[in-house]
Amino acid sequence: MINVTSKLNNGVNTIYLEGRLDSTNATVAETQIVELDTEDSLVIDVEKLEYISSVGLRIMLRLRKKHADLAIVNASTEVYDIFDMTGFTDMMKISRAYRTINVDGCEVIGQGANGKVYRIDPDTVVKVYLNPDSLADIEHERDVAKKALILGIPTAISYDVVKVGDHYASMFEMLNAKSFSKLLATNPENVDEYAVMYVDLMKLIHGTLVPRGQLPDQREVAIGWTKFLKDYLPADIYEKLYAMVEAIPYDDHMLHGDYHTKNIMLQNGEVILIDMDTLAVGHPVLELASMYNAYIGFHLNNPEGVKDFLGIDHMTAIRLWKKTLELYYGSTDEAYLADKENKAAVVGLVRLLRRTIRRGNEPELVKTFTDKLCDLVNKVDSLI
């Protein structure tokens, strides 16, 4: 049995199909659809459609001939699979129905530029994307996470897409996992122990070669940030800065792009990387720049603000950052490590200054970042 209804709203005619669309009712169903069809944009809502046969698929093709922008929405997994296996998902816009979950009161265990990660039960976490129109972002993150996993990086692959309010989210299985932020907040005296695991994973990432073209080039992104600042810095500072950023060589080793304690998990003794949408390739200074921002740069005007961002206090954040530099570069020489920090800080501040100027409402922070960046550019002659 099939039931066909429609609703016209703002120039979009939505036709709802309910039941089964097969050879027993296809003729009647098509007659009803044609009667309800208009010259408006057409959407076929199949949320309550249980099954569609090849006869029903041919009806969709005939509708597509009349409506080039035809969209089929809210397909159940079973119905979507039929469209997918028959190639319809390549020919027209077809979207799944997504179940809705609630994260109110759930612990935030991860946070990145594009979303927050919540634990919703002991076995499951969900990443909620900030952009309501994020399906393409979710597909991108799934794709790069699979590439990373194949290349040997321990990470989690999303097994489902859901909705949280008006936002899309990815579901992950994360058994008994705790973020490094939570571990450090609970046991700050163990910062050196966690730093070893933290740096070991970082070195694994940076030691991983990526076939050219599979991930974005972070060097090109950093050059774009720098160009933005041309009219906001003294000419001599800008020229030296741009020359140093441009001199960073292309590097086809992997970068995470947002490597901090909320995006590193400890699961049954294994260190796991999450929040993979910023994955890229590039020179390590570009990774260290984002890390500098997470632990220091973002909080130059309010050092204790790191607790709101990462859940760890300022002193623990600084200890972790300093220990990370020691372990990563294999040195305790203070002058050598200070130079490494300054190089990372230059790139990090370029990003922060651009970001803050674009927001347009934080003049004190703009001044702080500008003064700090100019000072460091005068001290540093190379970023590599």
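Below, the structure is looked at part by part. All of these numbers come straight from a predicted model, not from anything done at the bench. Counting restarts for each chain, with residues numbered from 1 along the sequence as it is written. Only residues with pLDDT of 70 or above have their local features reported here, since the model is predicted, and side-chain atom pairs are shown and tallied only from 80 upward, although totals for entire chains, interfaces and linings are computed over all residues. To get the side-chain values, take all heavy atoms of the structure and skip hydrogens and water.

Considerations on the overall build of the protein chain
- Secondary structure assignment for the protein chain yields 14 helices and 15 strands.
- If one aligns the C-alpha atoms of the protein chain with their principal axes, the spans along those axes are about 80 × 50 × 40 Å.
- Counting the 384 residues in the protein chain, one finds 49% classified as buried.
- In this description, contact between two residues means that some pair of their heavy atoms is separated by no more than 4.5 Å. Taking contacts inside the protein chain between residues at least 6 apart in sequence as the whole, the part at least 24 apart equals 68%.
- All accessibility values rest on the Shrake-Rupley procedure with a 1.4 Å probe; residue burial counts only the protein chains present in the view. When the accessible surface of the protein chain is summed, it comes to about 18200 Å², and 49% of that surface belongs to carbon and sulfur atoms. Every helix listed is a DSSP run of H or I at least four residues long, and every strand listed is a run of E at least two residues long, numbered separately from the N terminus. Between buried and exposed lies partly exposed: a residue is buried under 20% and exposed over 50% of the maximum accessible area for its type, with that area taken using a 1.4 Å probe on protein chains only.

Section: the packing of aromatic side chains
- Aromatic rings from Phe, Tyr and Trp, with only the six-membered ring used for Trp, were paired whenever their centres fell within 6.5 Å, and each pair was classed as stacked if the ring planes differed by under 30 degrees, edge-to-face if by over 60, and tilted otherwise. Within the structure shown, the criterion is met by 11 aromatic pairs.
- With 6.2 Å between their ring centres and 65° between their planes, Tyr292 and Trp321 make a pair best called edge-to-face. Taken together, the residues Tyr292 in helix α10 (residues 284-295) and Trp321 in helix α12 (residues 314-329) connect sequence positions 29 residues apart. The burial state of Tyr292 is the same as that of Trp321; both residues are buried.
- Every member of this aromatic cluster is reached through a ring pair, and the members are Phe180, Tyr194, Tyr198 and Tyr259.
- Lying across the ring of Tyr168, Lys163 places its NZ or CZ 4.7 Å from the centre.
- Throughout this description, the term charge over a ring refers to an Arg CZ or Lys NZ atom that lies within 6 Å of the ring centre and within 35 degrees of the ring normal. Above the plane of the ring of Phe228 lies Arg354, whose end atom (NZ or CZ) is 5.8 Å from the centre.

Brief notes about the environment of Val4
- Within the secondary structure, Val4 sits in strand β1 (residues 2-9).
- Its relative accessible area of 11% is what places Val4 among the buried residues.
- Expressed as a C-alpha distance, the spacing of Val4 and Leu36, which sit 32 residues apart in the sequence, is 8.8 Å.
- Not counting residues up to four positions away in its chain, the partners in contact with Val4 are Ile15, Tyr16, Leu17, Ala29, Gln32, Ile33 and Leu36.

Brief notes about empty space enclosed by the protein
- For cavity detection a 1 Å grid was placed over the protein atoms alone, and a set of points counts as a cavity when a 1.4 Å probe fits there but cannot get out; an open set counts as a pocket when protein lies on both sides within 12 Å along at least five of seven lines, with lining residues being those that have an atom within 4 Å of a point. Grid points are joined across faces, edges and corners, and a volume is the space filled by probe spheres set on the points. Counting across every chain of the model gives one cavity of 30 Å³ or more.
- Computed from the structure, the largest cavity encloses a volume of approximately 130 Å³.
- Looking at the largest cavity, it is lined by 18 residues, and the ones nearest its centre are Glu141, Ala156, Phe172, Asp275 and Met276.
- At the level of elements, β8 (124-129), α5 (135-150) and β10 (167-173) are the ones that each hand at least two residues to the lining of the largest cavity.
- By residue number, the principal contributor to the lining of the largest cavity is α5, which donates four residues.

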